[in-house]
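Here's the letter readout for the chains.
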Amino acid sequence: MTYVLHFSNGKISKEGRGLSFFYFAPNSSIVAIPMGSNDLPFIFNESTNDYQTVTIQGQISYKISNPKTLADVLDFTVTDNGQYKKNDIEKLNQRIINEAQTATSSFIHEIKLKDAIRSAKTIEDRILEGLKVSPAITMLGIEILGANILAIQATPEMARALETETREKLQQEADQAIYERRNFAVEQERKIKESELNTEIAVEEKQKQIAEKKMESDVQKADNDRKLREMKLEADIAVENQRKLLIEQQTTNDKKKQKQKVLF
């Protein structure tokens, strides 16, 4: 997993991956560049549009794809015992982090704190895009494999303020839910009472109709009884008149018979 460059008298004598060879130390330099993938953790602070500080923590995965290009830019020379003369791997990591922060800062500066805390995926995309098109990264001969945002945090004071705000908002939503539930119960009770009242009114109206109907029936019965009495009385009067006429007729006949007896 190591690409080796053997410089002899300032020129490359041997190069390749995983080489093993003898060399004359006084006129040789050995450059050893690790070829495996590396996970580079990072953490940096940025300011949002509403002047709040956020801490962005994540990880960048990369590998060295062009070791000769990197060897021209940074010093990966090792000593006789295989130790690096300079710690340029840290310089490489810092340049990658700087490019990642550059790709992120312009985006963070344009949004507010609440949006920044929820923008992990967007920040990942910005870092990946910024690193892949960065001339500085291309000059280093490395390939960016991926970027992950592990956390975006506000300052402790602002985090507590946001927690308080969210807690109060949730409490308001809970209170609103309780109010709506109680209001619904009151509304349902009102509808039940209104329905009961409408039922009572309907019963009263029905009883009134029944009473009026009964009264009409009683009036009709009384009228019929009166008419029957009138008819009976008229019949009695007619019978009496007939009887009277009959008596008068009998009296007249009796008188005529008496006169005839006297004459004879």
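Here the structure is a predicted model, which means the values were calculated and not measured.

Caption draft 1: Looking closely at the nonpolar core. The biggest cluster of nonpolar side chains holds 37 residues, and the ones touching the most others in it are Leu 92, Ile 96, Ile 127 and Ile 142. Excluding residues that lie within four positions of it along the chain, Ile 127 makes contacts with Phe 42, Ile 60, Ala 100, Ala 103, Thr 104, Ala 147 and Ile 149.

Caption draft 2: Representation of the packing of helix 2 (residues 88–109) against helix 4 (residues 120–133) in the model. The interhelical angle for the contact between helix 2 and helix 4, taken along N-to-C directions, is 130°, at an axis separation of 9 Å. In this view, helix 2 runs oblique relative to helix 4, as classed from their interaxial angle. As helix 2 runs across helix 4, the sense of the crossing is right-handed. Each of Ile 96, Glu 99, Ala 100, Ala 103, Thr 104, Ser 106, Phe 107 and Ile 108 in helix 2 lies in contact with helix 4, whose residues at this interface are Thr 122, Ile 123, Arg 126, Ile 127, Gly 130 and Leu 131.

Caption draft 3: Fine view of the pairing of strand 3 (residues 28–34). Counting buried positions along strand 3 gives five out of seven residues, so the element sits mostly inside the fold. Of the strand pairs in this sheet, strand 1 (residues 2–8) and strand 3 are connected by seven bridges, and their pairing is antiparallel. When the sheet's bridge partners are listed, Thr 2 is paired in strand 3 with Pro 34. Looking at chain direction, strand 3 and strand 6 (residues 77–78) are connected through two bridges and run antiparallel. Bridge pairing in strand 6 links Val 31 to Thr 77.

Cut-offs used in this document
- Residues numbered from 1 in each chain as written.
- Predicted model: local features only at pLDDT ≥ 70, side-chain atom pairs only at ≥ 80, totals over all residues.
- Heavy atoms only, no water.
- Core = buried A, V, L, I, M, F, W, Y, C linked by side-chain atoms within 4.5 Å.
- Buried < 20%, exposed > 50% of the residue type's maximum accessible area, 1.4 Å probe, protein only.
- Contact = heavy atoms within 4.5 Å.
- Axes fitted to C-alpha atoms, helices over the stretch in contact; angles between N-to-C directions.
- Helix = DSSP H or I, 4+ residues; strand = E, 2+ residues; numbered from the N terminus.
- Parallel < 35°, antiparallel > 145°, perpendicular 65-115°, else oblique.
- Left-handed = near helix turned anticlockwise from the far one by under 90°.
- Pairing = 2+ DSSP bridges.

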